[in-house]
Amino acid sequence: MPTKTPNFSKNILNLDIAIHQSCLRFVPWAAFVIVVMLISWQAILVWQCVLLLAIIGVLSWMYVGRTKTVWMGCTHTDGLWQLSVSRGIGRDTRRQLWQAYLLSSQRAIGMNEAVALRFYVIEPRKRYFEVMVHRRDVADADYRKLLGLCTLSSKLMMN
């Protein structure tokens, strides 16, 4: 007869959160770039346009290469979390499954619609990893669970 390993966690919260990156974050950035390009073009500042295009290229390359969280889940908030992360875009997307422990969770300061999560990743290699989850990127029920997690985390810190 198989035996079940005991779990001594008191913080049971089943989370299964899919994160969809919103394109709305590019609107202010694109507007800024267009305005600067128009001003440089009107002032006949060709070398500023070339410099701006080079900076845009480098920043775009850095954005595409960054690690993006696609999914996260756990059954106990103080237990092991699973994070599905991807790098790249389109066909070049590489996905990995990471295992991590949640260190802290809090509502992002200055942003009403975001939650900041800090993890200590143990697989594939030990490191710290931070995730900013915006309300527009997840379902409403999942966002409410994250807010509950922040409340639970702040109460545990006070005790």
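Residues numbered from 1 in each chain as written. Predicted model: local features only at pLDDT ≥ 70, side-chain atom pairs only at ≥ 80, totals over all residues. Heavy atoms only, no water.

A.B. asks: It is not clear to me how the side chain of Ser84 should be interpreted in this structure. Could you clarify?
C.D. replies: Along the chain, Ser84 turns up in strand E3 (residues 80–87). The contacts of Ser84, once residues within four sequence positions are left out, are Lys68, Thr69, Val70, Trp71, Arg95, Gln96 and Leu97. (Helix = DSSP H or I, 4+ residues; strand = E, 2+ residues; numbered from the N terminus. Contact = heavy atoms within 4.5 Å.)

A.B. asks: When you look at the pairing of strand E2 (residues 67–76) in this model, what are you seeing that I'm missing?
C.D. replies: Every other side chain in a regular strand lies on the same face of the sheet, so the side chains alternate between the two faces. Extensive coverage of E2 is indicated by the burial of 8 of its 10 residues. Where E2 meets E3, 6 bridges bridge the pair, whose relative direction is antiparallel. Paired with Met72 across the two strands is Leu83, which belongs to E3. Two successive antiparallel strands, E2 and E3, enclose a turn made up of 3 residues. (Buried < 20%, exposed > 50% of the residue type's maximum accessible area, 1.4 Å probe, protein only. Pairing = 2+ DSSP bridges.)

A.B. asks: Where do I start with the environment of Leu80 in this structure?
C.D. replies: As for its placement among the helices and strands, Leu80 is situated in strand E3. The class of Leu80 is partly exposed, set by a relative accessible area of 35%. In the structure, Leu80 is positioned 21 residues away from Tyr101 in sequence and 5.3 Å away in space, judged by C-alpha atoms. Residues in contact with Leu80, not counting those within four places in the same chain, are Cys74, Gln99, Ala100, Tyr101 and Ile122.

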